[in-house]
Amino acid sequence: MDFALTEEQSAIFDMARDFGQDRIAPHAHAWEQDGTIPKDLWPDVAALGLGGIFVSEDHGGSGLGRLDGTLIFEALSMACPSVASFLSIHNMCGGMIQKFGSDAARDRWLPQLARMEVIFSYCLTEPGSGSDAAALRSRAEREGEGWLLNGTKAFISGGGYSDAYLAMVRTGEDGPRGISAVIVQDGTPGLSFGAPEDKMGWRSQPTAQVQFDDCRIPADNLLGEEGRGFSYAMAGLDGGRLNIAASALGGAQAALDRTIAYMSERRAFGKSLDQFQALQFRLAEMETALQSSRIFLRQAAWMLDQGAPDATKFCAMAKLHVTDRAFEVANQCLQLHGGYGYLADYGIEKIVRDLRVHQILEGTNEIMRLIIGRSMLAGRG
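Counting of residues starts from 1 at the beginning of each chain's written sequence and follows it residue by residue. The model is predicted, so local features are restricted to residues of pLDDT at least 70 and side-chain atom pairs to those at 80 or more, both for listing and for counting; the totals for chains, interfaces and linings are taken over all residues. Where side-chain values are given, they derive from all heavy atoms of the structure, hydrogens and water being excluded.

S.K.: Give a description of the overall build of the protein that names residues and reports values.
M.R.: Looking only at helices and strands, one finds eleven helices and ten strands in the protein. Dimensions of the protein, computed from C-alpha atoms along their principal axes, come out at roughly 80 × 55 × 40 Å. Only heavy atoms matter for contacts: two residues are in contact if any of them lie within 4.5 Å across the pair. Taking the contacts inside the protein whose residues are at least 6 apart along the sequence as the reference set, 73% of them involve residues at least 24 apart. Accessibility throughout is a Shrake-Rupley quantity obtained with a 1.4 Å probe, and a residue counts as covered only by protein chains that appear here. Approximately 16600 Å² of the protein is accessible, and the part contributed by carbon and sulfur atoms is 51%. The charge count treats Lys and Arg as positive and Asp and Glu as negative. His and the chain ends do not count. One atom stands in for each charge, and that atom is NZ of Lys, CZ of Arg, CG of Asp or CD of Glu. Between the averaged position of the 35 positive side-chain charges in the protein and that of its 48 negative side-chain charges there is a distance of 6 Å. Helix and strand definitions here come from DSSP, where helices need a minimum of 4 consecutive H or I residues and strands a minimum of 2 consecutive E residues; each element is numbered from the N-terminal end.

S.K.: Break down helix H8 (residues 277-306) for me, with residues and values.
M.R.: Helix span, as expected, comes to 1.5 Å for every residue beyond the first. Helix length check: H8 (30 residues) gives 43 Å between terminal C-alpha atoms against 44 Å at 1.5 Å per residue, within 8%. Of the surrounding secondary structure, the elements contacted by the buried residues of H8 are helix H4 (66-77), helix H7 (229-265) and helix H9 (311-337). Just past H8, the residue glycine 307 takes up positive phi, approximately 70°.

S.K.: Outline the pairing of strand S5 (residues 179-185), supporting the account with residue identities and numerical values.
M.R.: If a strand is regular, its side chains alternate between the two faces of the sheet. The cut-offs for exposure are 20% and 50% of the maximum accessible area for each residue type, with area from a 1.4 Å probe on protein chains only; residues under the lower value are buried, those over the upper are exposed, and the others partly exposed. Within S5, six of the seven residues are buried, leaving the element largely enclosed by the surrounding structure. Pairing of strand S4 (residues 164-170) with S5 involves seven bridges; the strand directions are antiparallel. The residue of S5 that forms the bridge with leucine 166 is isoleucine 183. Here, a strand pair is defined by DSSP locating no fewer than two bridges between the strands. Inspection of the sheet shows S5 paired to strand S8 (residues 222-223) by two bridges, in the antiparallel sense. By the bridge assignment, alanine 181 is partnered in S8 with leucine 223.

S.K.: Which residues make up the packing of H7 against helix H10 (residues 348-356), and what values go with them?
M.R.: Axis geometry follows a simple rule: fit a line to the C-alpha atoms, using only the stretch in contact for helices, then measure angles between N-to-C directions, giving values from 0 to 180 degrees. Interaxial distance between H7 and H10 falls to 10 Å at its minimum, and their mutual angle equals 160°. Relative to H10, H7 is oriented roughly antiparallel. Where H7 crosses over H10, the two elements pack in a sense that is left-handed. Contacts between H7 and H10 pair Ser247, Ala248, Gly251, Ala252, Ala254, Ala255, Arg258 and Thr259 from the former with Ile348, Ile351 and Leu355 from the latter. Classifying every residue of the contact of H7 with H10 gives seven nonpolar, three polar and one charged. Working rule for angles: under 35 degrees goes down as roughly parallel, over 145 as roughly antiparallel, 65 to 115 as roughly perpendicular, anything else as oblique. Note on convention: the crossing is left-handed when the near helix lies turned anticlockwise from the far helix by less than a right angle, right-handed when the turn is clockwise. Nonpolar residues are Ala, Val, Leu, Ile, Met, Phe, Trp, Tyr, Cys and Pro. Charged residues are Asp, Glu, Lys and Arg, and all others, Gly as well, are polar.

S.K.: Could you give me a rundown of the pairing of strand S2 (residues 139-143), with the residues and numbers involved?
M.R.: By the bridge criterion, five bridges tie S2 to strand S3 (residues 146-157) in an arrangement that is antiparallel. Paired with alanine 140 across the bridge in S3 is leucine 149. Once S2 ends, the chain turns through two residues before running back antiparallel as S3, passing glycine 144 with a positive phi of about 60°.

S.K.: I'd like a description of the pattern of salt bridges, backed by residues and values.
M.R.: Whenever a carboxyl oxygen of Asp or Glu lies within 4 Å of a side-chain nitrogen of Lys or Arg, that contact is scored as a salt bridge. Evaluated as defined, the whole model comprises 19 salt bridges. Here aspartate 198 ties to arginine 203 by a salt bridge, and the two come within 2.9 Å at their closest N and O atoms. For arginine 203, a relative accessible area of 30% gives the class partly exposed. Residue glutamate 349 is joined to arginine 353 by a salt bridge in which the shortest nitrogen-to-oxygen separation is 2.7 Å. With glutamate 349 and arginine 353 both in helix H10, this residue pair falls four residues apart, about one helical turn. The pair formed by glutamate 349 and arginine 353 is uniform in burial state, with each residue classed as buried.

S.K.: For the layout of surface pockets, give the residues involved together with the corresponding values.
M.R.: Buriedness for pockets is judged along seven lines, at least five of which must meet protein on both sides within 12 Å for an open set on the 1 Å grid over protein atoms alone, while cavities are sets there where a 1.4 Å probe fits but cannot get out, and lining residues have an atom within 4 Å of a point. Grid points are joined across faces, edges and corners, and a volume is the space filled by probe spheres set on the points. Quantified by volume, the largest pocket comes out at close to 1000 Å³. Around the largest pocket, the lining is made up of 38 residues, and of these Thr125, Ile360, Leu361, Glu362 and Gly363 lie nearest the centre. By residue number, the principal contributor to the lining of the largest pocket is H7, which donates five residues. Its residues assigned to classes, the lining of the largest pocket comprises 20 nonpolar, nine polar and nine charged. Considered as a void within the structure, the second largest pocket measures approximately 400 Å³ in volume. Taken together, 13 residues form the lining of the second largest pocket, with Asp2, Phe3, Ile295, Arg298 and Gln299 sitting closest to its centre.

The following block contains the structure:
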C-alpha cells in the first residue's frame, strides 16, 4: 500500500495550485463583489487541460481519473472555493457526456467543452424536489423530430451564464425510471432564467433558476438512452461529491495556513498567539482533521477509479466527513482570528461562507447518511 502521490500527480497539484494563486486568488474578493467570474479566465483554464479533466484525449480532454480531479480541485480551492467548485460542475457534466453519451454526442459536445468554448451547467434540483430528486416534474414530450420541454430548475450554478445546460427531465412514468437527460443550449427559444440569487457564499458564481417554457430541442440532444437520466445523474454525483469535498478541503487548508501565519504575528499578553499551548492544541486538532480527511477523500476517489462495488458508499462517506470537517476547521480559524476574522480583508469569513454550502449541495449531508446507512444494511440476509 503506497500513500504517496506519483511524480505526475504532484506536478498536477502544483500546477493547479500555482495557477490558482496567480490567476484566481488576487481577484477572488473583487469577483465575489461583482457576482460573476470573468469569462476570459476560462481559455487560460482550458489551456492547462482543466476544462475536460475527465474527457478522453481523443476528444480534446486530459483523460485523468477521479483521484487526479481531487488534487486539482483541492489546489484550486486554496485560491477560491467558489471558482474551483464552478469549474468542478462543468467537469462533472463533461464526465457524464464522456461516460454515457453516444459517439456522435461525444464528438459534438466534448471538444468544445474541453476548450471551454461551451461552459456547462448541471440541472437536477427543482423548487419542489431537492433531496427527493426522483420526484422532479420538469417534463419533455416528444414533438415531431425533437422534444418539447416545460418546467423549472432551481439553484443552478451558471444559470444565465453558461452556454449549455445538462438537465434531467421527465419523459415517462413517475419515479426514477421515467427520467432522461437532455442538453439545452443557451439561446434556445423557450429557455429563460430567474433573477440572480442573493447567496451567503459562492457569490462569484451566478446562480439562478433555469426555466423551460415550450422549449424545443432536437432529438439528438437526448444524452444516452431515454429513461436512464436518473442513473446518469446519480453516477455523475459520485464524482461530483468527491470534487465538492476536495474544494472544501482546499478552502479549509487555505484558512488554516492563514491562521498559522496570523498567530505567529499577533501578540497578546506579552507573546505571540502561537506560543499558547491551548491554541497549539487547537491547531493540532485542525491539522489532524484535514490530514485524515485528505486520506479518506483520496481513498474514495481511488475506489471510484477502480470501479469498486461500494464506491458510491465511500463517495458519500467522504463527502460527509470532509465537508463537515472542513467547515469546522474554517470556522475555528475565524475564531482564532478574533474580530479580524470577521473582516473581509483577512479572507477567512469568505471561506467560512463559501464552505457552508458544501454540506448542502451534491446531496445534503443528511442524504449522505441515508446512502451510507442503506448501503450498510443492503447486504443483510
